[in-house]
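Coordinate inspection notes
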Amino acid sequence: MSTTSHPAERILLGPGPSPVPQRVLQALAAPTLGHLDPQYLAIMDETCELMRQVFQTKNLLTFPVSGTGMAGMECIAVNLLEPGDEAIVCVNGVFGGRMKDVMERCGAKVHALEVPWGETYSLEQIAEALDRHPGVKVFAIVQAETSTGAWQSLAGIADLVHSRGALFVVDAVTSLGGHELRVDDWGIDAIYSGTQKCLSCPPGLSPVSFGERALARMDARKTKPQSWYLDVSMLRKYYLSGGGAGGGRVYHHTAPINMTYALHEALTIVLEEGLNARIARHAAMHQRLRRGLEALGLAYIPKNSLHTLNCIGIPAGAEDLKVRQRLLADYGIEIGAGLGVMAGKAWRIGLMGHGSTVRNVDLVLAALREVLR
Ligand SMILES: *Cc1c(COP(=O)(O)O)cnc(C)c1O
């Protein structure tokens, strides 16, 4: 019998969470410290430095928001937008749609740049949208749209956005630690991710990073962000050493101490493997899975597929729920259902972080072959 203290282990090959290495679980069990204990602050500072390395940024204001990826999304929206500001959000799936919703709740006037689900954006489409809406303060796009499995190239976007005086905001929840992502080289002004996708850490923190332009925008605000919890002007006085008056740290909320240990360990594992090697592993495992799925007659939905999330059409005659239930009951494998307009039409197989292995690829292919027979 499974209990809350001993649930049966699963092989997590869905849209997240991904499998968590034992080292990370063990890190969670280290002694809980106070959030102003010098020992803890040293671990937290190191965690922020590891985040900078994984984001490939020098941004000082890089820290883990307390909350999952959605908290990072809200944190960026509430701090960079004031009521009446205009923004462009690229909406080609669930998460772009959520960004639009979140930004509208900040009082922003949001122009949705829509393409059909599964498709991505060209630089021409982006330039045209920016020309249609001069005066936007923010341009936001999802690098890895987990609802459709589509991968968006970010190269060249920053120049277009910056030449119109806007900030470049990126959702990297399903790409950080799995796809190439260079925050500084690509001119990204604000970015958020999550711990439970390609970083293979339990859910609970959202790594975010703000560059100089974003800082200047926040400093020039006329109104307070409507979220007290996510107000960066206060959070930075805790997360940055010397951020408070007199150079100290100012308590804002109690940091999720043990989750910080877990993130520290997870980021250490990422850097031990090496970013390039890790990205290459995700690419190779995606190719291996793709060959196998296509041999089974399963077709990819997006033209530009992510390496971290494989979105395939449900074949005629297969029963969506039954197949997923059998994978879970007979093999302990979790895959994802379709989301939004793809509900009932797609399966989503995640190969994220610790889950992106030859063993898992071959196992899910063998299980699917058996279950679909
Ligand atoms: C998972 C995900 C989110 C939301 O993250 P949560 O951790 O579920 O809050 C946001 N954007 C994308 C692209 C995601 O895949």
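The shown structure was predicted, so the numbers you read here are calculated from the model rather than taken from an experiment.

A full pass over the atoms with the stated rule returns four aromatic pairs. Measuring from centroid to centroid gives 4.8 Å for F63 and Y239, while their planes differ by 25°, and the two rings are stacked. Of this pair, F63 sits in strand 2 (residues 61-66) while Y239 sits in helix 8 (residues 232-239); the two residues are 176 residues apart in sequence, bridging distant segments of the chain. The same class applies to F63 and to Y239, which are both buried. One aromatic cluster is present, formed by F63, Y238 and Y239 through successive ring pairs. Its guanidinium or amino end placed over the ring of Y300, R290 lies 4.1 Å from that ring's centre, counting from NZ or CZ.

Turning to the site of the ligand, a few remarks are in order. Surveying the vicinity of the ligand reveals the residues T68, G69, M70, F95, V142, A144, T146, D171, V173, T174, Q196 and K197. At 2.9 Å, a backbone N or O of G69 approaches an oxygen atom of the ligand. Contact between the ligand and M70: an oxygen atom at 2.8 Å from a main-chain N or O atom of the residue. For the ligand, whose unbound accessible area comes to 380 Å², protein coverage reaches 90%. When grouped by side-chain class, the residues that make up the shell around the ligand number five nonpolar, five polar and two charged.

Looking at the protein chain, the domain boundaries give domain 1 (11-17 + 275-372) and domain 2 (22-270). Computed over C-alpha atoms, the centres of domain 1 and domain 2 are 27 Å apart. With 25 residues of domain 1 at the interface, the matching set in domain 2 holds 30 residues. A buried area of about 2,100 Å², summed over both sides, lies between domain 1 and domain 2, and 64% of it is on carbon and sulfur atoms. Linking domain 1 with domain 2 are one salt bridge, by the criterion used here. A salt bridge links E119 to K303, with the nearest nitrogen and oxygen atoms 3.7 Å apart. Taken together, domain 1 and domain 2 are joined by nine residue pairs in polar contact (both at pLDDT 80 or more). Mapped onto the side of domain 1 that touches domain 2, the elements with two or more residues apiece are helix 10 (275-295) and strand 11 (309-313). The biggest single contributor to the side of domain 1 that touches domain 2 is helix 10, with four residues.

Our focus in this paragraph is unusual backbone geometry. For the bond running from G16 to P17, omega is 5°, close enough to zero to count as cis. With respect to the helices and strands, P17 occurs in the loop between strand 1 (11-12) and helix 1 (22-28). Unlike most non-glycine residues, Q56 shows phi in positive territory, near 55°. Tracing the sequence through the fold places Q56 in the loop between helix 2 (38-55) and strand 2. Using a relative accessible area of 30% as the deciding quantity, one classes Q56 as partly exposed. Despite not being glycine, S200 has its phi angle at roughly 55°, a positive value.

Along the chain, D171 falls in strand 8 (residues 167-171). A polar contact of 2.9 Å, which involves the side chain of D171, links it to the backbone nitrogen of V173. At 2.7 Å, the side chain of D171 and the side chain of Y192 are in polar contact. Contacts of D171, omitting those with residues within four sequence positions, involve M73, F95, M99, I141, V142, Q143, A144 and Y192.

This part covers the environment of S163. Among the secondary structure elements, S163 is positioned in helix 6 (residues 157-163). Taking the C-alpha atoms as reference points, S163 and L130, 33 residues apart in sequence, are found 9.8 Å from one another. In terms of polar contacts, S163 uses its side chain to reach the side chain of R164, at 3.2 Å.

Of all the positions in helix 8, only V232, L235, Y238 and Y239 are classed as buried. Seen from one end, helix 8 has its buried residues packed into an arc of 115°, which puts them on one side. For helix 8, the elements touching its buried residues are helix 2, strand 2, helix 3 (69-80), strand 10 (205-210) and helix 7 (212-219).

Looking now at the sheet that holds strand 10. Overall, mixed pairing links the seven strands, which are arranged 2-10-9-8-5-3-4 in an open sheet. Each end of this open sheet is capped by a strand with a single partner; those strands are strand 2 and strand 4 (109-114). Neighbour-to-neighbour, the strand axes of the sheet open up by a mean angle of 20°, direction not taken into account. Contacts between helix 8 and the sheet are confined to strand 2 and strand 10, with strand 2 contributing the most and set at about 105° to the helix.

What counts and what doesn't
Residues numbered from 1 in each chain as written. Predicted model: local features only at pLDDT ≥ 70, side-chain atom pairs only at ≥ 80, totals over all residues. Heavy atoms only, no water. Phe/Tyr/Trp six-rings, centres within 6.5 Å; stacked < 30°, edge-to-face > 60°. Helix = DSSP H or I, 4+ residues; strand = E, 2+ residues; numbered from the N terminus. Buried < 20%, exposed > 50% of the residue type's maximum accessible area, 1.4 Å probe, protein only. Lys NZ or Arg CZ within 6 Å of the ring centre and 35° of its normal. Near = heavy atom within 4 Å. Polar contact = N/O pair within 3.5 Å; in protein donor to acceptor, adjacent residues only side chain to side chain. Areas by Shrake-Rupley, 256 points an atom, 1.4 Å probe, with all protein chains shown as cover. Nonpolar A, V, L, I, M, F, W, Y, C, P; charged D, E, K, R; others polar. Domains from an automatic or database assignment. Contact = heavy atoms within 4.5 Å. Buried area = accessible area lost by both parts, 1.4 Å probe. Salt bridge = Lys/Arg side-chain N within 4 Å of Asp/Glu carboxyl O. Arc of directions from axis to C-beta. Pairing = 2+ DSSP bridges. Axes fitted to C-alpha atoms, helices over the stretch in contact; angles between N-to-C directions.

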